Amino acid sequence: MDFEMISYEGLTEEMFVLPLSEQPWLSGNKNINPKIYIGLSRWTYRENLKKKNSPPPQPGTPGFYSALFNAIELNATHDDIPDTEKINKWYRSVERSDFNFCPEFYKGITHSGPIGLTKMGITNEFIKRMREFKEKLGVSFLQLPHLQQPAKENIIAYLKLLPRDFPLSIGFTHEEWFTNPGLLSEFIKELNTLNIGTVITDTPARRDTVHMQLSNGNAFIRFYCQGDHELDLFRIEQWKKQLRSWFLQGLEKCYFFLHIQSQTAEEDFINYVQYELKF
């Protein structure tokens, strides 16, 4: 997206208050064992600390990254479908049993012509490969192109052919999804029927994509920020309150992926988020 981050100049806290939204697809029963997964979209975090001939795991590798985070938004699978050898290498590099890989759907499925039945061959290949993450496979996500107008019927027809045991969330950012409330509500209802979640994109540049619509027991949040601004702290406080409310309503798990613009502030902001979003 070309609207992921903008300057905070002239923006106020009121603009970042999360909108209230009923959650009819949550169970309504308090979750006494909430699970939250926090991570980045890359495991090159702290790669500058890498030293020659140092013992593994080295900074900038899955082994090092997974000692600090329990999930990754795996954007590498958007550019290419990794071969079995590469996936097995990533899998073996992560020792912790509670780690989740959250792969993004391959661009040949999502960004090469309309999503539809003609994409089932490459989709089945993608899913087969992602299953090689075994118990470390979390929720995958399919990001609809933000310039592609909604075609709900075609998308739903495609989603109905996907295996029900493959956890998935859908991201949508085209403005028509949000200017047509009936379109969005019907889409969310269909996703609930298929047990497919939604992706919520929280970015200063587009407040409509913070749609706050859940369609099953998973929340998948992509959080874009500077990392060195007081408004970012306010925004995390907003999410802390919201997630607490959702867990009380039956939310099962939350994936919270940080996209931080300022590398110098990155470490402090990550520590802050990990501390604040403990449940």
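Residues numbered from 1 in each chain as written. Predicted model: local features only at pLDDT ≥ 70, side-chain atom pairs only at ≥ 80, totals over all residues. Heavy atoms only, no water.

1. Side note on the packing of aromatic side chains
In total, this model carries 26 aromatic pairs according to the counting rule given. Geometrically, the ring pair formed by Phe-172 and Phe-187 is edge-to-face, given 5.6 Å between the ring centres and 80 degrees between the ring planes. Taken together, the positions of Phe-172 in the loop between strand E5 (168–171) and helix H7 (176–179) and Phe-187 in helix H8 (residues 181–193) put the pair 15 residues apart, joining distant regions of the chain. For Phe-187, a relative accessible area of 0% translates into the label buried. Three or more aromatic residues joined by ring pairs make a cluster, and in this case those are Trp-43, Tyr-45, Tyr-65, Phe-69, Trp-90, Phe-99, Phe-101 and Phe-133. One residue, Lys-136, lies across the ring of Tyr-91, its end atom 3.9 Å from the ring centre. (Phe/Tyr/Trp six-rings, centres within 6.5 Å; stacked < 30°, edge-to-face > 60°. Helix = DSSP H or I, 4+ residues; strand = E, 2+ residues; numbered from the N terminus. Buried < 20%, exposed > 50% of the residue type's maximum accessible area, 1.4 Å probe, protein only. Lys NZ or Arg CZ within 6 Å of the ring centre and 35° of its normal.)

2. Details of helix H6 (residues 152–159)
All of the buried residues in H6 are Lys-152, Ile-155, Ile-156, Tyr-158 and Leu-159. Down the axis of H6, the smallest arc covering the buried residues is 160 degrees, so these residues share one side. Tucked into the core, H6 has its buried residues touching helix H4 (107–110), helix H5 (120–130), strand E4 (140–143), E5, H7 and H8. (Arc of directions from axis to C-beta. Contact = heavy atoms within 4.5 Å.)

3. A few points about empty space enclosed by the protein
In this approach the atoms are scanned with a rolling probe the size of a water molecule, which exposes any empty space left behind. All told, the structure shown has one cavity of 30 Å³ or more when counted by the stated rule. As for the largest cavity, its lining consists of Leu-144, Pro-145, Gln-148, Gln-149, Pro-150, Ala-151, Ile-155, His-174 and Trp-177. Looking at side-chain class alone, the lining of the largest cavity contains six nonpolar, three polar and no charged residues. (1 Å grid on protein atoms, 1.4 Å probe; cavity = no way out; pocket = protein on both sides within 12 Å on 5 of 7 lines; lining within 4 Å. Points joined across faces, edges and corners; volume = space filled by probe spheres on them. Nonpolar A, V, L, I, M, F, W, Y, C, P; charged D, E, K, R; others polar.)

4. Describing the pairing of strand E6 (residues 197–202)
Taken across its six residues, E6 has six buried, putting it largely inside the fold. Burial of E6 is two-sided: the residues Gly-197, Val-199 and Thr-201 facing one way and the residues Thr-198, Ile-200 and Asp-202 facing the other way are all buried. Alignment of E5 against E6, held across two bridges, turns out to be parallel. By the bridge assignment, Ser-169 is partnered in E6 with Gly-197. Note that E6 and strand E7 (residues 218–225) share four bridges and pair parallel. When the sheet's bridge partners are listed, Val-199 is paired in E7 with Phe-220. (Pairing = 2+ DSSP bridges.)

5. Notes on the pairing of strand E8 (residues 253–260)
The buried fraction of E8 is high, at seven of eight residues. Sheet analysis places strand E1 (residues 35–40) next to E8, joined by six bridges and oriented parallel. In the strand pairing of E8, Gly-39 is matched with Phe-257. Of the strand pairs in this sheet, E7 and E8 are connected by eight bridges, and their pairing is parallel. When the sheet's bridge partners are listed, Phe-223 is paired in E8 with Leu-258. As a crossover connection, the stretch from E7 through helix H9 (residues 230–248) into E8 is right-handed. (Right-handed = clockwise from strand over helix to strand, strands pointing away.)

6. With respect to the sheet that holds E4
With parallel pairing, the eight strands of this open sheet are ordered in space as E3-E2-E1-E8-E7-E6-E5-E4. Single-partner strands in this sheet number two, and they are strand E3 (100–103) and E4. With strand direction ignored, the average angle separating the axes of adjacent strands in the sheet is 25 degrees. Here E4 pairs with E5 via four bridges, running parallel. Residue Leu-142 lies in a different strand from E5, and its bridge partner there is Ile-170. (Axes fitted to C-alpha atoms, helices over the stretch in contact; angles between N-to-C directions.)

7. Describing a positive patch on the surface
Side chains of Lys-86, Lys-89, Arg-92 and Lys-134 sit close together on the surface and give a patch of like positive charge. Considering the arrangement of structural elements, one finds Arg-92 in helix H3 (residues 84–93). (Patch = residues over 30% accessible without salt bridge, like charges linked within 9 Å, V, L, I, M, F, W, Y side chains within 5 Å. Areas by Shrake-Rupley, 256 points an atom, 1.4 Å probe, with all protein chains shown as cover. Salt bridge = Lys/Arg side-chain N within 4 Å of Asp/Glu carboxyl O. Lys, Arg positive; Asp, Glu negative; His and termini not counted. Charge placed at Lys NZ, Arg CZ, Asp CG, Glu CD.)

8. What about H8?
Its 13 residues place the ends of H8 19 Å apart at the C-alpha level, agreeing with the 18 Å of an ideal helix rising 1.5 Å per residue. Regarding H8, the residues found buried are Leu-183, Leu-184, Phe-187, Ile-188 and Leu-191. For H8, the angular spread of buried residues about the axis comes to 130 degrees, placing them on one side. Turned more than 90 degrees off the buried face of H8, the exposed positions are Pro-181 and Thr-193. (Expected span 1.5 Å × (residues − 1).)

9. Quick notes on the layout of surface pockets
Here the largest pocket is characterised by a volume of approximately 250 Å³. Taken together, Arg-42, Thr-44, Tyr-45, Arg-46, Glu-47, Asn-48, Leu-49, Gln-263, Thr-264, Glu-266 and Glu-267 make up the full set of residues lining the largest pocket. When the residues that make up the lining of the largest pocket are grouped by side-chain class, the tally is two nonpolar, four polar and five charged.

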